[in-house]
Amino acid sequence: MGKQGAPPHVLAHLRAARDLMDRGYAEPLDLDALAEAAGYSRYHFLRAFRDAYGETPGAYLSRRRIERAKDLLRAANLTVTEICFVVGFSSLGSFSSRFSELVGCSPSAYRAAAVSKGGPPPIPGCFVMMWSRPPGAAPQERNRGEARHGPRALPSLPGNDETRSER
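Worth saying up front: this structure is predicted, and the values here are computed from it rather than measured. (Residues numbered from 1 in each chain as written. Predicted model: local features only at pLDDT ≥ 70, side-chain atom pairs only at ≥ 80, totals over all residues. Heavy atoms only, no water.)

## Overview of the overall build of the protein
Logical step 1: Of regular secondary structure, the protein possesses 10 helices and 2 strands.
Logical step 2: Put simply, the protein has 167 residues, and 28% of those count as buried.
Logical step 3: Pairs at least 24 apart in sequence give 57% of the contacts found in the protein among residues at least 6 apart. (Helix = DSSP H or I, 4+ residues; strand = E, 2+ residues; numbered from the N terminus. Buried < 20%, exposed > 50% of the residue type's maximum accessible area, 1.4 Å probe, protein only. Contact = heavy atoms within 4.5 Å.)

And the structure:
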């Protein structure tokens, strides 16, 4: 059964899981979580997804991650390893082999080809890392003393204690 032959109510449930993968591609998603989003058992979900979209949920998620990695390789000033983890892979080896399988070249070769063609200047890595942080996650604190004891108070100058708050 192809995508057009699937009943609309089935596609609506499968779209919920596919939307979860599109939104949370960088998160560790497993088959159980995706099946739960669709309201199916894991085995029924796997069969229905493959029938409707022509690939397994794992293949779809992996392809989405590689698509995002291609964008970052072209436009961000991050290492291949950083991009690997930002897009949700847990191993550089699996990322590189899957990237080569889908794209036809290694991530480094893809970046080199993109750089040789020119294009927009790379986005600073710190900016990409900030915007790829999950919603609601607090930034990592750099100053260990501050993390344990709170921000350091500025030394007060004689006679300025009262006037500082009035300004």
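## Some thoughts on the pattern of salt bridges
Logical step 1: Following the criterion strictly, the structure yields 7 salt bridges and no others.
Logical step 2: Across the pair Arg-64 and Asp-22 runs a salt bridge whose closest N-O atoms are separated by 2.9 Å. Taken together, the positions of Arg-64 in helix H4 (residues 57-75) and Asp-22 in helix H1 (residues 8-23) put the pair 42 residues apart, joining distant regions of the chain.
Logical step 3: Accessibility expressed as a relative area gives 25% for Asp-22, which makes it partly exposed. (Salt bridge = Lys/Arg side-chain N within 4 Å of Asp/Glu carboxyl O.)

## Observations concerning the nonpolar core
In summary, soluble globular proteins display a tendency toward joint burial of nonpolar side chains.
Logical step 1: Ranked by internal contacts, the top residues of the largest apolar core, which has 33 residues, are Leu-14, Phe-45, Phe-49, Ile-83, Val-87, Phe-95 and Phe-99.
Logical step 2: Counting residues per element, the ones that place at least two in this core are H1, helix H2 (31-38), helix H3 (42-53), H4, helix H5 (80-86) and helix H6 (92-103).
Logical step 3: Excluding its chain neighbours within four sequence positions, the residues that come into contact with Ile-83 are Ala-69, Leu-72, Leu-73, Leu-78, Phe-95 and Arg-111. (Core = buried A, V, L, I, M, F, W, Y, C linked by side-chain atoms within 4.5 Å.)

## Some remarks on the packing of aromatic side chains
Logical step 1: By the definition in use, this model includes 6 aromatic pairs.
Logical step 2: Centroid distance Phe-49 to Tyr-60: 6.0 Å. Interplanar angle 65°. Geometry classified as edge-to-face. Pair noted here: Phe-49 is in helix H3 and Tyr-60 is in helix H4, with a separation of 11 residues, a long-range link. The pair formed by Phe-49 and Tyr-60 is uniform in burial state, with each residue classed as buried.
Logical step 3: Here the aromatic residues Phe-45, Phe-49, Tyr-53 and Tyr-60 are joined through ring pairs into a cluster of three or more.
Logical step 4: Over the ring of Tyr-43 we find Arg-42, and its NZ or CZ is 5.5 Å from the ring centre.
Logical step 5: A cation sits over an aromatic face here: Arg-65 above Phe-89, 5.9 Å from the ring centre. (Phe/Tyr/Trp six-rings, centres within 6.5 Å; stacked < 30°, edge-to-face > 60°. Lys NZ or Arg CZ within 6 Å of the ring centre and 35° of its normal.)

## Details of H4
Logical step 1: Along its 19 residues, H4 runs 27 Å from first to last C-alpha, staying within 8% of the 27 Å computed at 1.5 Å per residue.
Logical step 2: Buried residues of H4: Pro-57, Tyr-60, Leu-61, Ser-62, Arg-65, Ile-66, Ala-69, Leu-72 and Leu-73, and no others. (Expected span 1.5 Å × (residues − 1).)

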